[in-house]
Each structure stands twice: as C-alpha cells, then as structure tokens.
Amino acid sequence: MATFKACVRKQRADGLWPVYIRVTQNRKVGYLRTDKMVNNKGLAGGEIIDPYVMRYCIDRIIDYTERLNRIDSANWTLQEVMEYLLNGDEDVSFSAYARVHIDKMINAGQERNAKNYKLAVRSIEEYAGSNELTFSRMTSTFLNAWISSLAEMKRRKEMYPVCIRQIYKAAVREMNDSERGVVRIKFDPWPKVEIPRADTPEKRAITPEECRAFFSAPLPESKFKSPLNELARDVAMMILCLGGINTIDLYELKKKDYKNGIISYCRAKTKRARADNAYIEMRVPPIIKPLFDKYANTKDDDYLLDFHTRHTTSDSFNCNVNTGLKRLCESMKIKRYCCYTFRHTWATVAQNDCGASIAEVGFGMNHSMHNVTKGYVQIDFTPAWELNEKVVDFIFFSSEASRKVKQKVEVFERISESLPD
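Source: prediction; values computed, not measured. (Residues numbered from 1 in each chain as written. Predicted model: local features only at pLDDT ≥ 70, side-chain atom pairs only at ≥ 80, totals over all residues. Heavy atoms only, no water.)

(A) Structural context of the packing of helix α4 (residues 111-128) against helix α5 (residues 140-148). Between α4 and α5, the least distance of the axes is 10 Å, while the angle of their chain directions is 105°. Classified by the angle their axes make, α4 and α5 are roughly perpendicular. Counted together, A120, S123, I124, Y127 and A128 of α4 and F142, L143, A145 and W146 of α5 form the full contact between these two elements. Residues belonging to the contact of α4 with α5 are distributed by class as follows: 8 nonpolar, 1 polar and no charged. (Axes fitted to C-alpha atoms, helices over the stretch in contact; angles between N-to-C directions. Helix = DSSP H or I, 4+ residues; strand = E, 2+ residues; numbered from the N terminus. Parallel < 35°, antiparallel > 145°, perpendicular 65-115°, else oblique. Contact = heavy atoms within 4.5 Å. Nonpolar A, V, L, I, M, F, W, Y, C, P; charged D, E, K, R; others polar.)

(B) Geometry of the pairing of strand β2 (residues 17-25). Across the 9 residues that make up β2, a large majority, 7, are buried. Bridging between β2 and strand β3 (residues 28-38) involves 8 bridges; their strand directions are antiparallel. For Q25, the partnering residue across the bridge sits in β3 and is K28. What sits between the antiparallel neighbours β2 and β3 is a turn of 2 residues, in which N26 has the positive phi angle 50°. (Buried < 20%, exposed > 50% of the residue type's maximum accessible area, 1.4 Å probe, protein only. Pairing = 2+ DSSP bridges.)

(C) Up close: the sheet that holds β3. Pairing within the open sheet is antiparallel, and its 3 strands lie in the order β1-β2-β3. Every other strand in the sheet has two partners, leaving β1 (3-8) and β3 as the edge strands with one partner each. Here the strands of the sheet are splayed against their neighbours by 25° on average, with no regard to which way each runs. Sheet contacts for helix α1 (residues 51-69): β1, β2 and β3; angle to β1, the most-contacted strand, approximately 155°. Those strands touched by helix α2 (residues 78-87) are β1, β2 and β3, and its axis lies near 30° from that of β3.

(D) Focus on the state of the cysteines. On inspection of all chains with the given rule, the structure shows 0 disulfides. No disulfide involves C241; its nearest neighbouring cysteine sulfur is the one of C211, lying 9.1 Å away. Of all cysteine sulfurs, the one in C339 lies closest to C319, which takes part in no disulfide; the gap is 9.7 Å. Take C319: its relative accessible area is 47%, and that puts it in the partly exposed class. (Disulfide = S-S within 2.5 Å.)

(E) Region of interest: the nonpolar core. Core analysis: the largest hydrophobic core is formed by 56 residues, its most contacted members being L242 and F342. It is helix α8 (residues 228-241) that contributes the most residues to this core, 10 residues altogether. (Core = buried A, V, L, I, M, F, W, Y, C linked by side-chain atoms within 4.5 Å.)

(F) Structural detail: the environment of V23. For V23, the position within the fold is in strand β2. Classification of V23 by relative accessible area gives buried; the value is 0%. Residues V23 and K5 lie 18 residues apart in sequence; the distance between their C-alpha atoms is 7.0 Å. Leaving out residues up to four positions away in the same chain, V23 has contacts with A2, T3, F4, K28, V29, G30, L32, L78 and V81.

(G) Local environment of the sheet that holds strand β7 (residues 262-266). Read from one edge of the open sheet, 3 strands run β6-β7-β8, paired in antiparallel fashion. The open sheet is flanked by β6 (258-259) and β8 (279-283), the only strands paired with a single partner. Pairing geometry for β6 and β7, over 2 bridges, is antiparallel. From the neighbouring strand, Y258 faces β7, where its bridge partner is I263. Here helix α16 (residues 382-396) sits on the sheet in contact with β7 and β8, set at roughly 45° to β8.

(H) Quick peek at helix α6 (residues 156-175). Taking 1.5 Å as the rise per residue, α6 with 20 residues should run 28 Å; its terminal C-alpha atoms sit 28 Å apart, in good agreement. Taken as a whole, α6 has its buried residues at K157, M159, Y160, P161, C163, I164, I167, Y168, A170, A171 and M175. (Expected span 1.5 Å × (residues − 1).)

(I) The arrangement of the pattern of salt bridges in detail. Evaluated as defined, the whole model comprises 14 salt bridges. E125 is the salt-bridge partner of R99, the closest N and O atoms lying 4.0 Å from each other. Of the two residues, R99 is situated in helix α3 (residues 94-107) and E125 in helix α4; the sequence distance between them amounts to 26 residues. With relative accessibility at 39%, the residue R99 sits in the partly exposed group. Connected through shared salt-bridge partners, R99, E125 and E132 make up one network. (Salt bridge = Lys/Arg side-chain N within 4 Å of Asp/Glu carboxyl O.)

Right under this line is the structure:
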C-alpha cells in the first residue's frame with residue numbers, strides 16, 4: 001500500500017515553501033500539491049514544524065489512507081494511485097464527459113448520430129440552467145422532470161433521454177471499476193426513469209395518382225440557371241425510382257459505386273449498426289438515367305453526382321431539396337411533400353399495388369431484416385430490382401388506379417346502388 005509524508009520541495013522567490021504530500025507506491029515517488037505554504041520559521045532541518053500546516057497534512061494523509069484501505073491498490077501504479085486520490089471522490093462533470101463522448105462519435109464517423117446527442121445534451125443543460133451539469137445532480141427525480149418537459153415533442157421525448165442514457169452508461173463503464181473498488185459515479189438513476197415512446201409518425205405516402213400529377217406539373221419559372229424547384233423534383237424522382245434511397249446516400253455515391261447500370265452502397269443511417277454494413281445494390285431504371293447524366297460529376301474527385309459542388313454537406317443538400325419541394329407544393333396548392341414522402345410512397349405502392357409482402361418491401365428498402373442470415377448468404381439483389389421496376393412501371397407507365405382509389409370507387413358504387421330512385 002502507498003505511504004505518505006508531508007514535505008516541501010523548492011523555495012519560491014518570495015521566500016515561501018509550497019507544501020506537498022509525498023506519495024510512495026512500489027518504490028516510485030510522486031507529489032500531491034496542497035494549498036498550504038510555510039516560511040523558514042515553519043521548517044526545522046527541512047521538516048515541517050508549523051502545527052497548523054501539520055494538522056492539515058495529517059488529516060489529508062488519514063483521508064488518503066482510509067480511501068486506499070477500502071480498495072485493493074497493491075498492484076496499482078503510482079500514477080493510478082495519485083489519479084484515484086485526486087479524482088476518486090470528485091463530483092464528475094456529465095457535461096464535460098458528454099462533450100468528449102460526442103467527439104469520439106464524430107471521430108468514429110458517426111456525425112449524424114452525434115448531432116442528435118449534441119441536441120439532447122443541450123436540452124438537458126438548458127433544463128438544468130447550466131452547461132456544467134454534474135452526475136450527482138442527475139437523480140431519477142431530476143431526469144423524470146426533464147423528460148416531462150419534453151412531453152409535447154413527438155420524437156424528442158424518446159430520442160433525447162435515450163441519448164443521455166447512452167452517454168451515462170458509457171461513463172459508468174469507463175470511470176467505475178468495481179474490481180478495484182473505484183466508483184466515481186455513485187448511483188444509477190435509470191431503473192427509476194420512465195422513457196416514453198415517440199409518437200407514431202404520420203403516414204407520409206401519397207397515391208400514385210398524386211405522384212403522376214406532381215411529376216407532370218410544369219415547373220414554376222425561375223431566373224436562376226439551376227433553380228431549387230427543379231433540383232427538388234429531380235431528386236424526388238431519383239428517390240422514388242431507386243427503392244426509396246435516402247438523400248445522404250445519393251449525395252455520398254462515388255464513381256466506383258456505379259457500374260454496368262447498377263449502384264452499390266452501404267446505407268449511411270444503419271451501416272455502423274449492422275453486420276452486413278447495410279450494403280445494397282440497385283439497378284438504375286432507364287427513366288432516371290437522363291438525371292444521372294444531368295447531374296454527373298465532371299470534376300476530378302470521387303463523387304458520382306455533382307450535388308457536393310452546390311451543397312457542402314449531405315444535411316444542407318437534404319434541407320435544400322425539402323425547401324424546393326415545399327415551394328413546388330405551394331405553387332401547385334397541394335399539401336407539403338418532403339424527401340420522406342417519396343420513400344414512404346415507394347413502400348406503400350410496392351405493398352398495396354404491386355403485391356409485395358412486408359418482407360419484400362423491407363428487403364427492397366434495405367431495412368435491417370434477418371441480419372444473421374445475411375451473414376451466411378451471398379445476397380442476390382435481383383428481387384429488389386424487379387420490385388423497384390414494378391413500382392416505377394405502375395406509377396409512370398400505367399394509368400391504372402391505385403388500390404386506395406379503387407376502394408373509394410367501390411364503396412361509392414355500393415352506396416349508390418342502395419339509394420332510392
């Protein structure tokens with residue numbers, strides 16, 4: 001076990017001697033500085049004789065000894081002993097740890113998830129009224145009250161608490177060491193915290209009839225060479241004709257990902273959470289090949305399409321596309337569409353009008369289904385291509401009414417037959 005002794009080391013220019021606690025562990029020596037000073041009268045033969053300073057140092061040494069007695073530190077290094085004595089009972093800053101944790105996520109390539117974590121930390125700090133929130137303050141009462149303040153927020157009331165819980169648990173794993181008796185975070189409030197479920201999102205899909213009307217409507221006139229409205233409609237067409245691809249995956253496509261009319265990529269949203277890296281291949285239908293030519297990247301870099309030349313990040317690209325869609329909908333005097341409208345529409349038309357099962361829709365959209373099986377099988381993505389082409393054909397190359405419209409007509413006909421003459 002470590003041994004301790006009060007001592008001085010070097011006299012300052014003003015004649016005072018800073019007081020240290022010398023720590024010896026396995027024949028290695030270190031020094032813990034105190035806030036005490038002595039002058040030459042407080043020393044005799046290099047030893048401290050000032051009674052007030054000695055009393056303080058003895059109390060500090062007793063405290064250090066008692067803390068080390070509670071754990072097995074025999075095999076610790078000197079640095080580990082000193083770090084434990086300096087920080088072991090310190091009230092740890094959750095805010096400081098969260099910032100480090102988020103930086104690690106960004107460095108690991110999880111920028112999109114890191115943004116949600118940042119927003120969650122900002123939310124709980126605003127509620128606490130401090131950007132230096134400590135772990136000791138994060139009791140179950142405090143956390144439940146904070147979560148209650150999010151009650152009116154559809155998704156955030158679940159997402160933010162889950163993010164905070166993940167940071168908290170990571171800190172416990174990193175800072176606490178039960179084998180050595182090191183417990184810097186003293187309690188776990190989460191068993192007494194109730195995290196609500198996010199509200200079920202509104203169904204965003206539109207009918208094939210609405211799709212046909214949207215893509216056939218004339219674009220509003222614009223004085224710009226590359227109007228946002230035109231970009232938005234072109235990107236919406238790509239999403240709808242590529243199995244509901246996400247805008248980030250369109251933005252990130254590389255030249256090497258497009259071969260023989262097929263794009264191959266790992267879905268950005270889930271690739272780090274799946275054993276198969278969320279890999280998928282999709283054949284590009286002829287209807288949107290002109291768009292691939294229109295937005296082809298001619299610069300000497302890796303990107304397949306030139307979206308990165310106008311938009312610095314995938315988020316700004318997505319935001320601008322949604323802004324363009326909003327303007328288009330306003331000009332057409334229809335309800336507002338967004339990028340997800342066309343992803344949801346692909347799934348709905350595939351299931352309702354093309355006879356696909358839920359599993360087939362999930363496969364076509366690259367959802368995380370049967371990941372264990374995927375680890376053993378060389379996946380053939382042809383079924384996803386064929387389903388995608390059925391959706392494209394139904395919407396753009398037929399005038400057949402959608403199931404939803406047919407059902408309305410059938411109901412009206414049945415009611416009409418029962419009406420008196």
